[in-house]
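Residues per chain are reported as follows:
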Amino acid sequence: MMNCELLATCSALGYLEGDNYHKEPDCLESIKDLIRYLRHEDETRDIRQQLGAAQILQNDLLPIIAQYPQEKALYEAVIRLLVNLTQPALLCFGKVPDNPTSRHHFMQAVTYLQRYKEAFADEKVFGVLSEKLYHLLQLDWEQRQEEDNLLIERILLLVRNVLHVPHDPEEEKNIDDDASVHDKVLWAMHMSGMDDLIKFLATSQEEQQWAMHILEIISLMFRDQKPDQLATTGQAKTVKEKEDESRELEILKQRELAAKKKRTFERGTRHSRFGGTYLIQGLKSIADRDVVCHMGVHKLKNYSHDCGKKINRVPKRKQAAKEVESKRRSALNVRLFLKEFCVDFLENCYNRLMYVVKDNLIREKAQQFDETYYLWAMSFFMEFNRVHRFCPELVSETVSIRAFHFVERNITNYYEMMLTDKAAASSWSRRMHLALKAYQELLNTINEMDHSKDGNLRESARVIKCNIFYIMEFRELFLTLFRKYDATKQPKSFLKDLIETTHLFIRMIEKFCKGKNNLFVQKKKPKRKKPKAKPLASTSEKSQEELEEMWKLTLEQLDKCAEGQEPLPDDVVPFDAALEVPVEEQRAEAMIRIQDALLAGKAAEALVLLRAAREVWPEGDVFGSSDLRLEDESQLLRRVLFAKLLRQPAVEGEEADEFRDEEIEEEETESVRVRESEFNFPDYLKRFANAGVVKPYILLLKDYRQNSVHTNHCIVKMLHRVAYNLKMDTLLYQLSVFHLFNHILEDPAASSYQELVKFCKYVLSRFFTLAAENSKAYVELLFWKNIATIREMTEGYRRDDQSGESKNAPTWSSEEEEELETLYLRFKGEQGDKDVIDHIMEHIKNDLRTRKQIAAKLVQMNLVDSVRELKRVKKGTKIVLWREEQEMELETLFVKFRGSDDVLGNIMKHITVKRSRARIIEKLISMGLVSDRKELYKKRRKLTKATNQEEDFLNDLGYDAVHGSSESEDELDEGDSSEDERGELMIKSSSRCAAERDGRKLGGSEPEPAIPRLCCKLQQQGLSGPLQWLQNCLNRTADKREDDGISIAVPLVPLSEENEDAMGHEVFQKLLKKIGIRPPADEQESFWRISANLKVQQLRKIASVIALQEGGEAMEQDEFVRAEQRSEVLRALVMARERNATPTKGDDESEERTNRAHESTSGSDSDTKRQVMNNNLLVCKLQYTEPDSAMWNGKATEEKVIGTRVRFLAWVSVCAESARSPRVTLQVLRFPPTVRKTRWLGALTMLNSPEGVWRLGDFHSNFIAVLT
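Residues numbered from 1 in each chain as written. Predicted model: local features only at pLDDT ≥ 70, side-chain atom pairs only at ≥ 80, totals over all residues. Heavy atoms only, no water.

As a further point, take the overall build of the protein. The helix and strand inventory of the protein stands at 54 helices and 18 strands. In the protein, which comprises 1268 residues, the proportion classed as buried is 41%. Considering only contacts within the protein whose residues lie at least 6 apart along the sequence, 74% involve residues at least 24 apart. Summed over its atoms, the accessible surface of the protein is roughly 73,500 Å², and 50% of this surface lies on carbon and sulfur atoms. (Helix = DSSP H or I, 4+ residues; strand = E, 2+ residues; numbered from the N terminus. Buried < 20%, exposed > 50% of the residue type's maximum accessible area, 1.4 Å probe, protein only. Contact = heavy atoms within 4.5 Å. Areas by Shrake-Rupley, 256 points an atom, 1.4 Å probe, with all protein chains shown as cover.)

Structure (structure tokens):
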């Protein structure tokens, strides 16, 4: 019964009189009230059901839009209500309810939707929608308002909802070639011109934002169609089709005649008068007596003990998956219209639309599972193109290696989700079926191109086949799908497509390999475990006598090296450049390596290590001087051998290696070790000779009567390859297979299955030949067999003493077996870091038992089914879902340790539920706490304390040590922005880090003097309003962080036009960077963001500083103070460099270092040019202030670049003293491309010499040449 308020609202809409509808004055308000009611309906969708029962859509809403299309507000409100009422029931309820009551409401909603669909099968309704959509699309983008775009989207959604309504076969009860409700809706769309508008939207470049809606509508239009039937519509039947039809009729005729003949024999020639009760001799009953029979004698042949028994109910979880796709042939006029639509779509729209949709999927602009429409369109239209008129250029967008990779990746993803998400396994199975059909059609298209008469097409097909055959994943895909096939989750239609696709792939690769001996493919590289090397005993563990004996042997080897009898290795390096430890700190490790080589008896390697270490670390003559003779080196090696060197504990090293391996394995995608090898087709085919692959083939062969001729051929061909080509017919010796063969041979229409009958007879003859030699073959019929069993059946069974078990296998006494069983039952249910075998090894009496021996014995004693159940579970890999309290804990830990050097390490140490590094990083990024995994890397402290103090000192004086620029250089940079635009995209990532460092820098001291100066400058330019808005944003962010207790990056969203213009102002952007607000990191972000590193006190301090400055006296006074501070900075830097230049080891060493520096700087032009090309050198030319000064041809020593921070240490070394030109050339080594020009120029301006300060002359940003 309808609600009173809802009834009153519906009555206020209007009334229908004949074909005219008269709306009430409150019609628009009533429509809005209905929308409001729908928004607040309960979980049973009561409002929706009441409106459906009252037929509001049929009697009121559709007449309103048909009769009052000129009233814009009313029209838009009705369209909005229609979209809400027609949305799918699955979307309203979330899923198909399991509760009977909720399921009843769900089915009732589906019923109302089906009635709505019948009402929309009207040309007049679609005519109004098409006309409105046409007028909206005629508007240019400048004239089109946001309301217009919203109305376009709602009309497309309405069409989508109507087409999505499922048909009711019980109500329609239509046969093929009869018009269904769906066909009537399609015909109404065609007559109204809606199909032409859909094609226009698909091909228009300006309307590509509707691409996903268009593809979804097209997929729903062709929901019940088969592309091969649609392509042949309107054509005469081919010879093949006529032969297939005659063959089907012949099979039906043969079966009918056989059934008639059987009934004739059962009746007999005369009536049997014996219709009473009798005994059947030889057939025992339950009481060990002959069976008492109560049926006629003519029915005795069909007697069975199973007659009358109750059939056991199959559990729902074990029932076979049901087919959900129902294909039917639509009316002829509808099929002709759809065929014409497909032809036009392929010629004008397909490539363009599929490109846009693929781009949206890659960039994640689409909704979840939208890739299924892309996969459907790929399979449907490529098959239509192949059957109708094969033109590869019409589907060129989806015929490529990238298309194969995209489909294969989706198949793998759906397969993994089907195994993990068991509740929605059927849905994942349907998606995987769509991807498999797309993969099948890709292979069919490539095969069709390979048989083309055009040489270019054949060459293109050959290139694509080379690539797909080369990649290992494409070849392994079918084996994986066969082995993991589950009949309870995947229907037989999926198995049919899988078998046909595998048949096509094997046939293509077999043809490709014929006559070709140079097909190289990727193969898995077997990862063999290296035997664990025994740790060498250190010197402290050996006695003096043992060391003396070792030294005698070492001397003999050194003498052989001196005489040239034993070659010296040339690939020994004394340090590991891949380690994070600096080379200077690896000197002690090199000494230990020399000692280890001597302890291992490798004197030649120890000698080469000693000489190489001497060249790397010549300081202090730790490894001897450079002029040592062999006798002196021998004495030095002796001292190393007898020395007591400090070593790190072996356990820590193993833990470090294990942690490093775990980090590499988790943070990076684990890549399979592969190698190239020549492809062997028989070896590849042998992988299909497996019971797990044969079982699905036999399962589908049971439906040989319903299968097509091609499907049966694919099945028999694969079984023939296994049985005949590989000589593994023993794999088919199974009782259920022979039972199926018996049905095929006894089929009355067996003459129509000649290929099947011939194969069955071949396998049976081979079996009876084997059974004559091996009497146990009949028993083997009860089991599926593996390779070892097949070999035993054909070559003979092995005796116990010939088994593969080792004679030295450990023996277990009865007491030990009893102890093992007791320990297993005791610790079987234990939870924790240790598994059951770890507990057993701790408590077992015999300590010599290994983990492998215990696991094998448990399997032998039938305590466990397989060794796989006893494998260790990797920590953190099984935990996938995050609970709400775990997310809160992670967020609290991140806020707590955000300022530490190792954020991720501290989180992993303190988190309650242990997870892998990759899981934690992924969750932090998804929660928005960090935007890049690099922010979680461990911070390395390699800068000296003096450098940090110098940067802080410069920052306090108004000079930005991080950006390398001051206000004067910023003003200079404003006039030369064209050069900076070239590097703008390259510094986005570095600007974020710089902004975050600025935010941390503002915390401990007063804000920079540059901030008030920039505020005054912006005020003079009329940007007082944006400054006030920025101040309010900072205060609001501080209040929110104080209330919530967490800090996340907050975007600055300018709502007014004035604020939006200010965000593009260059000086305003400099102010944002100064206060720690970072620009958009990449194309995913659009707004500047207040850094999460800024605390509440910092935000309020910055907001108080951004106060509007009045007058210019403050600026002048600040400039005066800044000039004095600059001069003090220059004097301090001069004194610091003079102190650094003071020699520490005498004048001789100073002269020697100077000469060495001059020698290193001098070189040939070719060397200089090579260095320029290798290091990406740039040249800066600076002008000296005094015109009469001498020329300084200075070459810079190596600077250190750490991120975006540049340290200028010992810049200029004087190379020439007398010259006339007042120019200086500086060579900058390894100029980082991500550092802006202004940062370098600002730092160069601060450089000084005893005579004066260098100033900017000119700057060349693209220069590679030989330097003078």
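Don't stop here, the text continues.
Attention now moves to the sheet that holds strand S9 (residues 1089-1090). Pairing between the strands of a sheet comes from backbone hydrogen bonds, and it takes one of two forms, parallel or antiparallel. With antiparallel pairing, 3 strands are arranged side by side in an open sheet as S7-S9-S8. The open sheet has two free edges, formed respectively by strand S7 (1050-1051) and strand S8 (1077-1078), since each of these has just one partner strand. With 2 bridges connecting them, S7 and S9 associate as antiparallel partners. By the bridge assignment, Val-1050 is partnered in S9 with Ile-1090. (Pairing = 2+ DSSP bridges.)

Another aspect to go through is helix H16 (residues 332-348). Helix length check: H16 (17 residues) gives 24 Å between terminal C-alpha atoms against 24 Å at 1.5 Å per residue, within 8%. Within H16 the residues assigned to the buried category are Val-334, Arg-335, Phe-337, Leu-338, Lys-339, Phe-341, Cys-342, Val-343, Phe-345 and Leu-346. Those residues of H16 that are buried are in contact with helix H11 (181-192), helix H12 (194-203), helix H13 (211-221), helix H14 (227-231), helix H17 (350-362) and helix H18 (371-388). (Expected span 1.5 Å × (residues − 1).)

Right, let's talk about the packing of helix H25 (residues 587-599) against helix H26 (residues 603-616) for a bit. One can describe the packing of H25 onto H26 by two numbers: an axis separation of 8 Å at closest approach and a directional angle of 165 degrees. Taken as axis vectors, H25 and H26 run roughly antiparallel relative to one another. Here H25 runs over H26; the crossing is left-handed. Taking contact as the criterion, the partners of Arg-593, Ile-594, Ala-597 and Leu-598 in H25 are, on H26, Ala-606, Leu-609 and Leu-610. By residue class, the composition of the contact of H25 with H26 is 6 nonpolar, no polar and 1 charged. (Axes fitted to C-alpha atoms, helices over the stretch in contact; angles between N-to-C directions. Parallel < 35°, antiparallel > 145°, perpendicular 65-115°, else oblique. Left-handed = near helix turned anticlockwise from the far one by under 90°. Nonpolar A, V, L, I, M, F, W, Y, C, P; charged D, E, K, R; others polar.)

Soluble globular proteins tend to pack their nonpolar side chains together in the buried interior. By size, the foremost hydrophobic cluster in this structure holds 197 residues, and its most contacted members are Ile-31, Met-189, Ile-218, Met-221, Phe-222, Phe-381 and Tyr-439. Looking at this core, the element that brings in the most residues is helix H20 (residues 425-450), giving 12 residues. Leaving out residues up to four positions away in the same chain, Met-189 has contacts with Phe-126, Val-159, Leu-163, Met-194, Asp-195, Ile-198 and Met-221. With 29 residues, the next largest nonpolar core counts Leu-1018, Ala-1038, Phe-1068 and Leu-1071 among its residues. (Core = buried A, V, L, I, M, F, W, Y, C linked by side-chain atoms within 4.5 Å.)

Attention now goes to the pattern of salt bridges. Overall, the coordinates contain 33 salt bridges when judged by the stated rule. Of the charged contacts, one joins Asp-359 and Arg-363 as a salt bridge, the two residues approaching to 3.0 Å between their closest N and O atoms. Owing to a relative accessible area of 25%, Asp-359 belongs among the partly exposed residues under this scheme. Judged by its relative accessible area of 47%, Arg-363 falls in the partly exposed class. For Asp-486, the salt bridge is made with Lys-489, and the minimal N-O distance between the two is 3.0 Å. Asp-486 sits in the partly exposed class, given a relative accessible area of 25%. For Lys-489, a relative accessible area of 25% translates into the label partly exposed. Taken together, the shared-partner salt bridges connect Glu-41, Arg-45 and Arg-48 into one network. (Salt bridge = Lys/Arg side-chain N within 4 Å of Asp/Glu carboxyl O.)

A cluster of acidic residues, Glu-1057, Glu-1058, Glu-1060 and Asp-1061, forms a negative patch on the protein surface. Its location among the elements puts Glu-1057 in helix H48 (residues 1057-1063). (Patch = residues over 30% accessible without salt bridge, like charges linked within 9 Å, V, L, I, M, F, W, Y side chains within 5 Å. Lys, Arg positive; Asp, Glu negative; His and termini not counted. Charge placed at Lys NZ, Arg CZ, Asp CG, Glu CD.)

Turning next to the side chain of Thr-789. Within the element layout of this structure, Thr-789 appears in helix H35 (residues 787-795). On the basis of relative accessible area, Thr-789 is assigned to the buried category, the value being 18%. In this structure the side chain of Thr-789 is engaged in a polar contact, spanning 2.7 Å, whose partner is the side chain of Asn-786. (Polar contact = N/O pair within 3.5 Å; in protein donor to acceptor, adjacent residues only side chain to side chain.)

Here the focus is helix H38 (residues 851-860). The complete set of buried residues in H38 reads Arg-851, Ile-854, Ala-855, Lys-857 and Leu-858. The buried residues of H38 all sit within an arc of 165 degrees when viewed along its axis, so they share a single face. Facing away from the buried side of H38 by over 90 degrees, the exposed positions are Lys-852 and Gln-860. In this structure, the buried residues of H38 make contact with helix H36 (814-827) and helix H37 (836-843). Immediately downstream of H38, the backbone of Asn-862 shows phi near 65 degrees, a positive value. (Arc of directions from axis to C-beta.)

On to the packing of aromatic side chains. Aromatic rings in a pair are described by how distant their centres are and how their planes are angled relative to each other. The final tally for this structure, using the stated rule, is 35 aromatic pairs. Ring centres 5.6 Å apart and planes at 80 degrees place the aromatic pair Phe-93 and Phe-106 in the edge-to-face group. Placement of Phe-93 in helix H6 (residues 89-93) and of Phe-106 in helix H7 (residues 100-120) is noted, with a sequence separation of 13 residues between them. Each of the two residues, Phe-93 as well as Phe-106, counts as buried. Geometrically, the ring pair formed by Phe-767 and Phe-768 is edge-to-face, given 5.4 Å between the ring centres and 65 degrees between the ring planes. Since its relative accessible area comes to 1%, Phe-767 is described here as buried. Among the aromatic residues, those joined into a cluster by ring pairs are Phe-222, Phe-341, Phe-345, Tyr-350, Trp-376, Phe-380 and Phe-381. Taking NZ or CZ as reference, Arg-431 lies 4.7 Å from the ring centre of Trp-428, over its face. Positioned above the aromatic ring of Trp-812 is the side chain of Arg-849, whose terminal nitrogen or guanidinium carbon lies 3.9 Å from the ring centre. (Phe/Tyr/Trp six-rings, centres within 6.5 Å; stacked < 30°, edge-to-face > 60°. Lys NZ or Arg CZ within 6 Å of the ring centre and 35° of its normal.)

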